[in-house]
Amino acid sequence: MQKMDALVVESHLIMGLADRHDGDYDGMITHFRKAAYADSNIWTPHFFMGEAFATLGLLPMAKRSYQTALARLSKYGIGESGLPFGPLSLSENELLHLCRTRIQSPATPEPKRI
């Protein structure tokens, strides 16, 4: 059963990232919520939900998501991100700092298009 749960988490995270790439933030949020529900210990879906909420201008929800990501990182560490690929390019301390920064100002700048 544990292996099946891991596959559910991974599939929702991948689909959420695909939605992010396509600019489908509602789909992204849906998939990351499902991943967070399937494994309440991982920080990844909460962080990416924060990104989606910030992009949509839903700053209180973004802040709450970043706070949850920070709490999961603080309690469980970087551990398993739930993503089947890696490694992450940020260390645990860098992720903690990024979450704290986003909690202070959850609005993320739009990427510049050239």
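Residues numbered from 1 in each chain as written. Predicted model: local features only at pLDDT ≥ 70, side-chain atom pairs only at ≥ 80, totals over all residues. Heavy atoms only, no water.

## Topic: the confidence of the model for the protein chain
What counts, and what does not: pLDDT runs from 0 to 100 and stands for how confident the predictor is about each residue. Only DSSP runs of H or I reaching four residues or more are called helices, and only runs of E reaching two or more are called strands; each is numbered from the N terminus.
Taken residue by residue, the protein chain gives an average pLDDT of 84. The fraction at 70 or more is 82%. Per-element confidence in the protein chain is highest for helix α2 (residues 25–38), whose mean pLDDT is 94, and lowest for helix α1 (residues 2–22), whose mean pLDDT is 85.

## Considering the side chain of His31
Our working rule: A simple rule labels every residue: compare its accessible area, found with a 1.4 Å probe on the protein chains alone, to the largest value its type can have, and call it buried under 20%, exposed over 50%, or partly exposed in between. For the purposes of these results, a polar contact is taken to be a pair of N or O atoms within 3.5 Å, where, inside protein, one atom must be able to donate a hydrogen and its partner to accept one; residues adjacent in sequence count only when each atom of the pair is a side-chain atom. Two residues qualify as a contact provided that any one of their heavy atoms is within 4.5 Å of a heavy atom in the partner residue.
Here His31 shows up in helix α2. Taking the relative accessible area as the measure of exposure, His31 reaches 17% and is therefore buried. At a separation of 3.2 Å, a polar atom in the side chain of His31 contacts the side chain of His12. Ignoring anything within four residues of it in the chain, the contact list for His31 reads His12, Met15, Gly16 and Asp19.

## Structural notes on the nonpolar core
Selection rule: Residues grouped as a nonpolar core are buried Ala, Val, Leu, Ile, Met, Phe, Trp, Tyr and Cys residues, joined through side-chain atoms within 4.5 Å.
Counting 25 residues, the largest nonpolar core has Phe32 and Phe47 as the members making the most contacts within it. Those elements that provide at least two residues to this core are α1, α2, α3 (44–55), α4 (59–76) and α5 (92–104). At 6 residues, α3 tops the list of elements feeding residues into this core. Ignoring anything within four residues of it in the chain, the contact list for Phe32 reads Leu13, Gly16, Leu17, Pro45, Phe48 and Met49.

## Comments concerning the packing of aromatic side chains
Put simply, the rule reads: Side-chain rings of Phe, Tyr and Trp (the six-membered ring for Trp) are treated as a pair once their centres are within 6.5 Å; stacked means planes under 30 degrees apart, edge-to-face means over 60, and tilted covers the remaining angles.
Taken as a whole and assessed by the stated rule, the structure comprises 4 aromatic pairs. Ring geometry for Phe47 versus Phe48: centroids 5.7 Å apart, planes at 80°, classification edge-to-face. On the basis of relative accessibility, which here comes to 8%, the residue Phe47 falls in the buried class. Within the aromatic cluster, the residues linked to one another by ring pairs are Phe32, Trp43, Phe47, Phe48 and Tyr66.

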